[in-house]
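Take a look at the letters that make up each chain.
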Amino acid sequence: MNAVCSPRCTCHGHGTCISHAPGAAEALGASEPVEPSEPLELLAVAGGLGKAASKGPSDPEFNVRQLRSHGAAPRTAAVHAAQTVGAPPQELTQTLTAAPPGLVKALMQVLDLPDQAAPEDVAAALGADPQMTLTLCAVKRASEIAMGSKEEALQLVGFPPNAGIQDPEGVRNKLAELFSTYLAEIWEIVQVSSVFKELSVPVSSWRRPWADALVTARHAQQLWAPHLAVSPHDFYQLLSGLGIGVAVLDRVVSPQLAEEAHGELETLADQGKLSEFSQSTCNPGSRHLWLRFGGVNVGPVPPALQRLGEALAGLPGALEAKAKEAQVPCPRLRLVPNLMAATYGHGSHYVPHKDMYSGGSCGFENTRMLTILCYLNPQWQPGDGGELRLFNTSPAPPSSPGPGSAVPRLLGITADHSESMTSSSHGTAHVDIAPLLGRLVIFRSREVWHGIQPSATARRWAVTLWVLAEDGPE
Ligand SMILES: O=C(O)CCC(=O)C(=O)O
Ligand SMILES: [Fe+2]
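Each value, and the rule that gives it
Note that residues are indexed from 1 along each chain, following the sequence as it is written. Each chain takes a letter, starting from A, and each ligand takes a number, starting from 1, following the order in which they are written. Local features in this predicted model are restricted to residues whose pLDDT is 70 or higher, and side-chain atom pairs enter the listing and the counts only when it is 80 or higher, whereas totals over whole chains, interfaces and linings include all residues. Only hydrogens and water are set aside when side-chain values are computed; all heavy atoms of the structure are taken into account. Any N, O or S atom lying within 2.8 Å of the metal counts as a donor, and for Na, K and Ca the limit rises to 3.2 Å; water is left out, so some sites can look incomplete. Helix numbers and strand numbers start at the N terminus; a helix is a DSSP run of H or I with at least 4 residues, a strand a run of E with at least 2. To sort residues, take the accessible area from a 1.4 Å probe on protein chains only and compare it with the maximum for the residue type: under 20% means buried, over 50% means exposed, and anything in between is partly exposed. The span you would expect from a helix comes to 1.5 Å times its residue count less one.

Moving on, we come to the coordination of the iron ion (ligand 2). Donor atoms from the polypeptide that bind the iron ion (ligand 2) are His-353 (NE2), Asp-355 (OD) and His-450 (NE2), placed at 2.1 to 2.2 Å. For the iron ion (ligand 2), all donor residues lie on one chain, and their spacing in sequence is H-x1-D-x94-H. Of the two residues, His-353 sits in strand β6 (residues 350-353) while His-450 sits in strand β13 (residues 450-452), which places them 97 residues apart along the sequence. With relative accessibility at 2%, the residue His-353 sits in the buried group. Given the relative accessible area of 5%, His-450 is considered buried.

Set out below in structure tokens:
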């Protein structure tokens, strides 16, 4: 059975994760790593890059991935203030206005507010201590369910079917804990996403000649109109056969820059600059590091990684411009000039997920639109594992929701924008993409199911730049 990532999952806090059950996905595409027979793009040397044309807005000290994970989560000054002294209603209203609507809807449902409630109403209902209000909601809901002793709820907390009658308090406490953890996660994401939005800048402020020269209308089509993107090359044909928004660009980052960036990452790892090993069941054993290459409070970022970050930041602006020229409808994009470097060691992997915020199987839309990956593995060869696996649809059979999915359902949250819309128990195809040095992969964060195959090497490296949307979800 496919286990859905628990609400406690720390897999970046964004994954609508499912376990990678053998046989869940049938490979209609290649199951072996596939290489392009010929490079489609010309080599564009990412050297001699100037400084970014404009800098971002104020950039308080924060680490989004840590913020989104449970446990010792550092807080921005704003978030901290909101939680400790109680946010003034106006600030809370603004936070809710900037938050992903799916999350706000979930809060409304938990607070028993009508569908038409305005952000002011939600702010008023949350009060001076939203975290406490949500905990009280969790306890109230847990008490109601414990009285009714629903079988699904008992199953969720691991009690026998008659436990509700014998131990209603035990059932209630366990449920209350699960519910409040889930709601705390939603609340944290609401705050993080609004802070994140404040830090982002329009992609037009990061235009780079390098990116402008290599991005074509075909890339824009591959992302936003995949049915129109045709390719004569086997590998790209296979990819376009998936019918999802994905573009792969090879040999556009100079090997020298990529190798230097790889060397810098290895040094950072040796210097102990990486996070702890992830304990999450979604991406066990992975480690990461945020590299702030733009905005205020830049760095310190080693020089090749700085150049790479600045180069990658040029891609969304170029894509937006090419989409406009080719009349391909594309959202207006923003970005936060932060790269996430992540490494996967022997056996570590990442279960299939989408890059959207989520708790349990209830995937909430966020403002992330594109995931831009650059692989930095000079020696990679077939057998080394760590391929990026892209699916054409959810690899989760819809009939077997995992344990995490019961939490939002029992809480009465219906704002599910993930599996239910895309899942299919058969006909799931996938393509594996080798994490080759300098290879760029761009895909639509909210739609594309992807995971990482178990790595057979000590350090499989990728850097990621996430691109947001101008006006929230489309
Ligand atoms: O490194 C990769 O290939 C993908 C990483 C990923 O999916 C993520 O960090 O969300
Ligand atoms: Fe991902």
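Right, let's talk about helix α9 (residues 168-199) for a bit. Because each turn of an α-helix spans 3.6 residues, side chains separated by three or four positions end up pointing in the same direction. Taking 1.5 Å of rise per residue, the 32 residues of α9 would be expected to cover 46 Å, and the 46 Å separating its terminal C-alpha atoms lies within 8% of that figure. Judged by how many residues are buried, α9 sits mostly within the fold: 23 of 32 residues are covered.

A separate point is unusual backbone geometry. Across residues other than glycine, the phi torsion is negative in most instances, and most of the peptide bonds are trans. For Asp-112, which is not glycine, the phi dihedral falls at a positive 60°. Counting through the fold element by element, Asp-112 comes out in the loop between α4 (101-110) and α5 (119-126). Its identity is not glycine, yet Arg-251 carries a phi of approximately 55°, on the positive side. Examined against the element boundaries, Arg-251 turns out to sit in the loop between β2 (246-249) and α13 (255-270). Assessed through its relative accessible area of 53%, Arg-251 is described here as exposed.

Right, let's get into the environment of Gly-295. Positionally, Gly-295 belongs in the loop between β3 (287-292) and α14 (303-312). In this structure the C-alpha to C-alpha distance between Gly-295 and Asn-338, which are 43 residues apart in sequence, comes to 8.8 Å.

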